[in-house]
Amino acid sequence: MVDPNGGAVPSASVSLSNPLTGFERATLTGNDGSFSILNIPFQSYEVAIVRDGFAPHVETLSLRSNVPVALAVQLALEAQREAIDVGVTDRALLIDTEATGTRTELNRSTIERMPVQAGARGLESILLNFPGFAANANGAIHPRGAHNQMTYVIDGLPISDQFTGSFATSIDPSVVQSLELFTGDIPPEYGSKVSGVANIVTRSGFDAGKPFFGTLEVGGGGFDTGTSLLQLGGAHGKLGYFAALSGVKSHRFLDSPSLDNLHNGGNAERATMRLDYQAGPRNIFRLSGMTGRSSFQLANLRSQHLNGQEQRRLLSDAAVSLGWVRMLSPTATFDSTTSYRTTIARLLPSLGDTPVTASLARHLSTLSTFNRLNWDKGTHTVRLGLDFQHFPVSENFSFGLTNPAFNDPGAASYNPNLTPYDLARGGDWFRFSQKGAGSLYSVFLQDRIHLERWRLNLGGRYDNYRFLVVGAQFQPRVGLAYHLKETGTVLRASYNRNFQTPPNENLLLANSEQAGELAPPDVRRDLNGGVIRIRPQRQNVYEAGVQQSLGDWASLNAVVYHKDSHDLQDNDNFLNTGIIFPTSLARSNVNGFETRLTVPERSHWSGSVSLTHYHVVVTPPFTGGLFLGSSALDVLSQGPFVIDHDQPLSVSSLVMYRPRRSWWTSWQARYDSGLVANPSDPAVVAQDPDYFDQLPYVDLDSYPARVRPRTIVDAAVGYEHYSGDHRDWELVLQVSNLTDRTALYNFQSVFVGTRVVQPRTLSMKFRWYW
């Protein structure tokens, strides 16, 4: 930063912002006129530089790789400045002129004020504000018609296994600096599970620009819920550090299968840390770690509660990653991330278990290394990568039937292959214990080309998967965008070929001969003994969309897409326990439409509205899974059907209002037309003591059967106390399900069971900042 004579300009205020994503960062120039801002999401930004005695300087820049961007700015004297418009949003910043597919971003300033339900849902509740998702129980989400094929990349650490409250300790949204979501034209650097990719950048000690800062939060609410959070961070010279410890406990830890909240207490804790070290002008190192644990009761049906069932789940995980960025030249970098993550899951049985008792001890680990070469040359931004993952798995599972009526020899649904494990009739436990290990080798190349109004994304990826089956595939991923500057419009189209690997949770059992022997005789005969090993899913994805700026006040994005898959990945949820067994279906077709209107802050108001529609038809046969109930057999024997995560319409809206500096309020409303339910007989359900009172909330006479539509409203209001420019403390009051709407997420589903939406819940939290 220099003056008209070439002299350095110290203490100039530099701000970086994007009105569409809400990202803001500020710093001051040093004595030599230089400045640096780190930990910035890839996006277009407005840079504003202000210094007394000089004319303000404003320009737009685009960050699309970790190749550093250098700004050479010469400030004009204030007397020489031309007239400029102040307070007018650049229309180009309301649209993403670089993206060739569906890409959405939220930042910490928005996330920390969203009325997210307290409890174990974590980051997944934030994602439901984006288009393309159907909401399911316990924070589970269905991205664009898939079951839950999400990859979370946290500071370069990829997590592709189940990451919702019933399968793992969720990520605390308060540690997120930025959240970038890809659901269309997935960059070729991402593989394994790519129906949606959430790229998460956590908070860094360099973000606040001071040597020490922290936050302490305590909260409480209905169902005896308590929350706590401690965050510490800062920067000293070349070292930045940040750490967070959070905890939650509740007597409604997960969504209940019954309108009664029975045996549903639990607690969870998570710790995260991040160290950034600038070893010199060419090298930056990042060390990240996180660990979490959950201990919770499995919610009971009434019959289970009367019988004294007291099952419990124990979950734990730990991960560490080391990242290195090396600047090779002013236009090229090399970055490498090596990580290790391990998870342990246990199910503890009890003496009163019914209709099945079960025990689980599973251990899954993943060792990964990701290496990237990036360079900018003229109109090209090139990224070349070589990746490797190794995943050892250990599974121990046992079960036995305890209710004589569950597999009655006199019933039409009787399965003689379960009789040896019927404890009520003198049988013994089914026992399975096995270890295995697999690997995934990947290479990709991407070239982003800037040609005036055009943006071309030319990429390809090759995966080689070796575990219980062997598979490999080349995946072209290409997209283009055209910017109509005169109207503030971007037109987009893309094609992706995806290769999605099977989930590793309980994959050994789901593919075993022992599991195949449990299938009914007719199924075993039709499936050549009942076992066809689950293969990687191969998928074609076609997408076309348009993004339009509406003056200088809003952005509208609309997308249509089609997906066709072979060997569709899905899960069988074992009798409401939260234990999943991977399955696949022969084929699937998904057609969808989604749109999002985003309004950046204007006259104290900001908000967004997202609309999602998709239709999913799948074709059997099933492979894998552990279907013990007779309801699954009807599905197995029929032709193409609408799967349970099909939903015609969902609408999610978020409105924020800040009338004064210290006061703010946010409101979130979500409408869901209803997921597909099991086609149960209403007369039978009416006589079932566990489910009879849920009949008003499911339409079993429709085709396909669906849970009934629901609208859930959440709201929050906060007061922040300031001393000068420093925020001292904050008090937040929140209500979830404001109208106390009784509704179901799903009903007797073969895949996910039955879950009830949480009733109206009040909560409060106090935050202290320093």
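Residues numbered from 1 in each chain as written. Predicted model: local features only at pLDDT ≥ 70, side-chain atom pairs only at ≥ 80, totals over all residues. Heavy atoms only, no water.

Comments concerning the side chain of Thr-151
Its place among the elements puts Thr-151 in strand β8 (residues 150–154). The exposure class assigned to Thr-151 is buried, which follows from its relative accessible area of 2%. In terms of polar contacts, Thr-151 uses its side chain to reach the side chain of Ser-160, at 3.0 Å. Residue contacts for Thr-151: discarding those within four places in its chain leaves Ile-159, Ser-160, Gly-191, Lys-193, Gly-196, Val-197 and Ala-198. (Helix = DSSP H or I, 4+ residues; strand = E, 2+ residues; numbered from the N terminus. Buried < 20%, exposed > 50% of the residue type's maximum accessible area, 1.4 Å probe, protein only. Polar contact = N/O pair within 3.5 Å; in protein donor to acceptor, adjacent residues only side chain to side chain. Contact = heavy atoms within 4.5 Å.)

Overview of the pattern of salt bridges
Counted according to the given criterion, the structure contains 37 salt bridges. Salt-bridge contacts for Arg-706 lead to Asp-646; the nearest nitrogen and oxygen are separated by 2.4 Å. Placement of the pair is Arg-706 in strand β33 (residues 706–707) and Asp-646 in the loop between β29 (641–642) and β30 (647–657), with a sequence separation of 60 residues. Among the salt bridges present, the one from Arg-661 reaches Asp-725, with a minimum N-O distance of 3.6 Å. (Salt bridge = Lys/Arg side-chain N within 4 Å of Asp/Glu carboxyl O.)

A closer look at unusual backbone geometry
A cis amide bond links Thr-354 to the next residue, Pro-355, at an omega of 0 degrees. Examined against the element boundaries, Pro-355 turns out to sit in the loop between β18 (332–348) and β19 (356–377). A positive phi angle, close to 60 degrees, is found at Ser-11, a residue other than glycine. Here Ser-11 is to be found in the segment before β1 (13–18). The phi dihedral of Asp-224 is positive, around 55 degrees, even though this residue is not glycine. Note on placement: Asp-224 falls in the loop between β12 (213–221) and β13 (225–236). Asp-224 sits in the partly exposed class, given a relative accessible area of 41%.

Structural notes on the pairing of β19
Two strands pair when backbone bridges link them, and β18 and β19 are joined in this way by 16 bridges, in the antiparallel orientation. Paired with Ile-344 across the bridge in β19 is His-363. (Pairing = 2+ DSSP bridges.)

Remarks on the environment of Phe-130
Note on placement: Phe-130 falls in the loop between α2 (123–127) and β6 (133–135). Taking the C-alpha atoms as reference points, Phe-130 and Ser-653, 523 residues apart in sequence, are found 9.3 Å from one another.

As for the sheet that holds strand β10 (residues 176–182)
Each strand in a sheet pairs with another by means of backbone hydrogen bonds, the pair being arranged parallel or else antiparallel. If you walk across this open sheet you meet the five strands as β5-β10-β11-β8-β9, and the pairing is mixed. Strand pairing shows two members of the sheet lacking a second neighbour, β5 (103–107) and β9 (157–159), which therefore form its edges. Recorded for the sheet is a direction-independent mean angle of 15 degrees between the axes of neighbouring strands. Two strands pair when backbone bridges link them, and β8 and strand β11 (residues 196–202) are joined in this way by five bridges, in the parallel orientation. (Axes fitted to C-alpha atoms, helices over the stretch in contact; angles between N-to-C directions.)

Re the nonpolar core
Ranked by size, the top nonpolar core spans 37 residues in total, and within it Phe-397, Phe-399, Phe-430, Tyr-465 and Phe-574 carry the most contacts. Of all the elements in the fold, those that place two or more residues in this core are β18, β19, β20 (380–401), β21 (430–451) and α4 (507–510). With five residues, the top contributor of residues to this core is β20. Grouped together as the second largest cluster of nonpolar side chains are 31 residues, Met-114, Phe-130, Ile-141 and Met-150 included. (Core = buried A, V, L, I, M, F, W, Y, C linked by side-chain atoms within 4.5 Å.)

Overview of the sheet that holds β1
Here we have four strands laid out as an open sheet, ordered β2-β1-β3-β4, and antiparallel in their pairing. The open sheet has two free edges, formed respectively by β2 (23–28) and β4 (57–63), since each of these has just one partner strand. Averaged over all pairs of adjacent strands, the angle between their axes in this sheet comes to 20 degrees, without regard to strand direction. Where strand β3 (residues 43–50) meets β4, seven bridges bridge the pair, whose relative direction is antiparallel. By the bridge assignment, Gln-43 is partnered in β4 with Leu-63.

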